[in-house]
Amino acid sequence: MNLTLQDDCLPVFKALACQTRLDIIRLVAEHPCNQRELAGQLGISPAIVSGHVRQLEEAGILTVDKQAGKGNQCTCYMAETDLAVRLSGRAESRAVKYTLPVGLYNKHKAVPSCGLISDHQFIGLMDDPLAFLDAARTEAEMLWFQRGYVEYIVPNTDSHRRVEKLTVSLELGSEHPGSRSDWPSQITFTVNHIRVGNWISPGNFGDRRGRYSPSWWPVGFSQYGLLKTLRIDGSGSYMDDERISDVTIDDLKLTGSQFYVRVSVEENADPAGGLTIYGKRYGDYDQDIIVTTYYKK
């Protein structure tokens, strides 16, 4: 979420000006949960939680899935994971957002266990690396592999302008033949052939149905991941707010008409628990891979 003082940002500021609501954000960011669960963890009544959740929802910080239950059983999710406020009241950069379906990679390597599925069927054969060459791969809504990579081409639409920041937002997790929440995996991010850093995924989650996962895909297999945002700017590279390397935006040399984003589990990854990437019709978040390029005006 990017705001200036010209925006109607007062609801956001009011929503954040309360320790209880900050506690709710912290809990939901760790794991989507319903309002009764929030009440139990915070030691307050569900009615009070409902009022706080409503204010966070109106501010665009949380989203509530009213189809996942009734009343206090409605599940809360993060609608935004980042907040930037420009106090000058005017934007000094131009942001270009590009959405990449998970199956729209230009290069890949997939070591079993691996596979791809659309929102209604498998693509190719499970645990067959040749499935990643199937013509239907562009319809993939979830893909996974034990080791390997997928690489995406991103247009650099204003290549004559200097890029001052880049973000990559995606839902991902580890890969397990079934699912295990305690199945860590070192996942590597590479941009324009420069390795920018690693993130340790804690597990592969299948204890419940993902918010957008179709009914034909059985619970007990990969159902949802974590929404993570890689950010590279002038000061370094970050996963959410945690610094992962000293690679800066200038190190990436984003001067051509396109650049490349690769997500991988390397041969020497430790731990090597695989990788799963979720599209907008699987998992907990209604989005594909979103790459946002910020150009200096």
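Residues numbered from 1 in each chain as written. Predicted model: local features only at pLDDT ≥ 70, side-chain atom pairs only at ≥ 80, totals over all residues. Heavy atoms only, no water.

## Quick look at the packing of aromatic side chains
Then, in step 1: For the structure shown, the criterion picks out nine aromatic pairs.
Then, in step 2: Measuring from ring centre to ring centre gives 5.6 Å for Trp 216 and Trp 217, while their planes differ by 75 degrees; the resulting arrangement is edge-to-face.
Then, in step 3: For Trp 217, a relative accessible area of 6% corresponds to the buried category.
Then, in step 4: Each ring, one from Trp 217 and one from Phe 221, has its centre 5.7 Å from the other, and the planes form 50 degrees; the classification is tilted. (Phe/Tyr/Trp six-rings, centres within 6.5 Å; stacked < 30°, edge-to-face > 60°. Buried < 20%, exposed > 50% of the residue type's maximum accessible area, 1.4 Å probe, protein only.)

## Section: unusual backbone geometry
Then, in step 1: Note that the residue after Pro 112, namely Ser 113, is joined by a cis bond; omega there is 5 degrees.
Then, in step 2: Its place among the elements puts Ser 113 in the loop between strand E7 (107-111) and strand E8 (115-117).
Then, in step 3: In this model, Asp 270 is joined to Pro 271 through a cis peptide bond whose omega is 5 degrees.
Then, in step 4: With respect to the helices and strands, the residue Pro 271 is situated in the loop between strand E18 (258-265) and strand E19 (275-278).
Then, in step 5: Positioned with a positive phi, His 193 is a non-glycine residue whose angle comes to about 70 degrees. (Helix = DSSP H or I, 4+ residues; strand = E, 2+ residues; numbered from the N terminus.)

## Thoughts on the pairing of strand E10 (residues 142-145)
Then, in step 1: Of the two faces of E10, the one lined by Met 142 and Trp 144 and the one lined by Leu 143 and Phe 145 are each fully buried.
Then, in step 2: Two elements, E8 and E10, share three bridges in a ladder whose sense is antiparallel. Each residue of the ladder has a partner; that of Gly 115, found in E10, is Trp 144.
Then, in step 3: Bridge count for E10 against E19 is four bridges, and the pairing is antiparallel. The partner of Leu 143 across the bridge, within E19, is Ile 277. (Pairing = 2+ DSSP bridges.)

## Digging into a nonpolar patch on the surface
Then, in step 1: A contiguous nonpolar surface patch, about 440 Å² in accessible area, is contributed by Leu 10, Phe 13, Leu 83, Val 85 and Leu 87.
Then, in step 2: Tracing the backbone through its elements, the reader meets Leu 87 in the loop between strand E5 (84-86) and strand E6 (93-100). (Patch = residues over 30% accessible without salt bridge, like charges linked within 9 Å, V, L, I, M, F, W, Y side chains within 5 Å. Areas by Shrake-Rupley, 256 points an atom, 1.4 Å probe, with all protein chains shown as cover. Salt bridge = Lys/Arg side-chain N within 4 Å of Asp/Glu carboxyl O.)

## A few points about the side chain of Asp 284
Then, in step 1: For Asp 284, the location among the structural elements is in the loop between E19 and strand E20 (289-296).
Then, in step 2: Classification of Asp 284 as buried rests on a relative accessible area of 1%.
Then, in step 3: A polar side-chain atom of Asp 284 sits 2.6 Å from a polar atom in the side chain of Arg 208.
Then, in step 4: A distance of 2.9 Å separates a polar atom in the side chain of Asp 284 from the backbone nitrogen of Arg 211.
Then, in step 5: Apart from residues no more than four positions distant in its own chain, Asp 284 is found in contact with Pro 32, Tyr 77, Glu 171, Arg 208, Gly 210, Arg 211, Tyr 212 and Tyr 224. (Polar contact = N/O pair within 3.5 Å; in protein donor to acceptor, adjacent residues only side chain to side chain. Contact = heavy atoms within 4.5 Å.)

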